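Listed here are the chains, written in short residue letters.
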Amino acid sequence: MFVGIDLGTSGVKLLLMGDEGNVLATHQEEYPCSFPKTGWAEQDPENWYEKTIEGLEALLKKSKVTNIEGIGIGGQMHGLVMLDKNDEVIRPAILWNDGRSTEETAYLNDEIGKAKLTEYTGNIAFAGFTAPKILWVKKHEPHNFERTVKIMLPKDYLVYRLTGEFSTDYSDASGMLLLDVKNKKWSSEMLRICGISADMLPELHESYEVVGELRKDIAKRVGLGSVKVVAGAGDNAAAAVGTGAVGPGRCNISIGTSGTIFITNDRFIVDSKNSLHAFAHADGGYHLMGCMLSAASCNKWFMDEILCDRDYNSLQAKICDMNNYGKDSGKIDKLGSNSIYFLPYLMGERSPHNDPDIRAMFYGMSLDTKREDMYQAVLEGVAYGLRDSVEVARGMGLLINSATICGGGSRSPLWLRIMANVLKMKLEIPVTEEGPSMGGAILAAVGCGAFPDIIKAGDIVRNVSGTIEPDTYLMEKYDEGYEKFRRFYPAISKVVKDI
């Protein structure tokens, strides 16, 4: 049996999988995230470790299992964890959705130059990436920078605590802006620019390679014997593995705290405007990825903080009666007819705008606007934001007519219906929607020899519980809506820059 761990932003999810890809048990633990200043986001790595161990104990107690063979981790990407010579964490981890490194990002893109960055890494700088964070610490916290001996990503810190091995994988390392992604090696040019050395960075591995064993003291604490630990993957690559999006020509959409569209390929390609990320995939190939910083978090923010209402289902029922969808007997259906727009930029935006300073807004409200109209605009705004990245990929000649979909937002039939029609594609709902944790377990199983390779594992786990087909009428209505939506950002960003 194998354990998959999803080290997320709001908590850690653990999954127990049998050697045939069957899910036997799951467990979740939460930990806090701090926002010291507007646009900043930090976490204490110690919380990741402690909650993971507590979660592992609870998972094993719940399942009454002691014969775990391997562990794999899918983790939030881009976060900066810095250790000193005593392996102590120097400062709180700066997370993927932290936008403090605006000046450093501009320096990299404008002074080093996007063409050079693309040559060195295959990508340009985004404020969420790790390299700009390193430059920020170097400038604003030189005492911390000088103490730094090891630099690692969140899931790699967890692997280090679990095994004592200083490692990373190509998919997660791709998002640091320190990796020559095409050639799968650290970029000496980027290390020089950031003022760091290669020995400060972890050893590179494929995601399914075994990097060590669970420390004996931890194994004893949770009641296990010898357990192998694989390198793991960035959360989106792990989610793609968990939904069977492996091998060329597949697509996976994730609606979690962030929203991503993940397109697999067997060769390295870059879009001409660097709007999408060109990263290595956990299956040994490559992928393009568009990432919006706020997706399901928009839903949670509007309901929890603005409406102070946790009854998601009741409010969604006022938008569309999904229980009677497609029937004519007095149904409620406002899809495709909303005149209100929401720009989902609560933490700035990454793909395709690369703008950490832009912020969210509503447009089109009037005296007859109801809360469900605004809520519908939030759900549609996230879908429109994802379509921005889809349009970039389609502009490259990539045919994207269907995708698997996972993440918390995929549990909403209404949001799935909106997504299918806004994105103009068939959506397949996996039997197991726990993408990153499932992917971590599959990587562990491949590393331990239970599956011959990632592609064969994908064939085994690629089971769907249902599909959502787009509707011709709604696609046309949402095409009209998207044409209006995509004109907001250029206009609003100009105003933001002017003031």
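Higher on the page you've got the structure.
Heads up: these notes are all about the structure in this document. (Residues numbered from 1 in each chain as written. Predicted model: local features only at pLDDT ≥ 70, side-chain atom pairs only at ≥ 80, totals over all residues. Heavy atoms only, no water.)

1. Side note on the side chain of asparagine 123
Phase 1 of the analysis: By the element assignment, asparagine 123 lies in the loop between helix H2 (102–121) and helix H3 (130–140).
Phase 2 of the analysis: A distance of 2.8 Å separates the side chain of asparagine 123 from the backbone nitrogen of alanine 278, its partner in a polar contact.
Phase 3 of the analysis: Filtering out sequence-adjacent residues up to four positions away, asparagine 123 remains in contact with Leu117, Thr118, Phe129, Ser174, Leu177, Val181, Asn274, Leu276, His277, Ala278 and Phe279. (Helix = DSSP H or I, 4+ residues; strand = E, 2+ residues; numbered from the N terminus. Polar contact = N/O pair within 3.5 Å; in protein donor to acceptor, adjacent residues only side chain to side chain. Contact = heavy atoms within 4.5 Å.)

2. With respect to the sheet that holds strand E23 (residues 426–430)
In sheet architecture, strand pairing relies on hydrogen bonds along the backbone and comes in two forms, parallel and antiparallel.
Phase 1 of the analysis: Sheet architecture is open: 7 strands sit in the order E18-E19-E17-E16-E22-E23-E24, paired in mixed fashion. At either end of the open sheet lies a strand with only one pairing partner, and these are strand E18 (277–280) and strand E24 (464–468). Pairs of neighbouring strands in the sheet enclose a mean axial angle of 30 degrees, with direction left out of account.
Phase 2 of the analysis: As paired strands, E18 and strand E19 (residues 286–292) are joined by 4 bridges and run antiparallel to one another. Paired with histidine 277 across the two strands is methionine 289, which belongs to E19.
Phase 3 of the analysis: Strands strand E16 (251–255), strand E17 (259–265) and E19 of the sheet are contacted by helix H12 (residues 371–395), whose axis makes an angle of about 25 degrees with E17.
Phase 4 of the analysis: Those strands touched by helix H13 (residues 413–423) are E16, strand E22 (402–406), E23 and E24, and its axis lies near 145 degrees from that of E23. (Pairing = 2+ DSSP bridges. Axes fitted to C-alpha atoms, helices over the stretch in contact; angles between N-to-C directions.)

3. Description of the environment of isoleucine 71
Phase 1 of the analysis: Along the chain, isoleucine 71 falls in strand E5 (residues 70–75).
Phase 2 of the analysis: Given the relative accessible area of 1%, isoleucine 71 is considered buried.
Phase 3 of the analysis: For the pair formed by isoleucine 71 and glycine 4, sequence separation is 67 residues and the distance between their alpha carbons is 5.9 Å.
Phase 4 of the analysis: Residues in contact with isoleucine 71, not counting those within four places in the same chain, are Val3, Ile5, Leu214, Val227, Lys228, Val229, Val230 and Ala444. (Buried < 20%, exposed > 50% of the residue type's maximum accessible area, 1.4 Å probe, protein only.)

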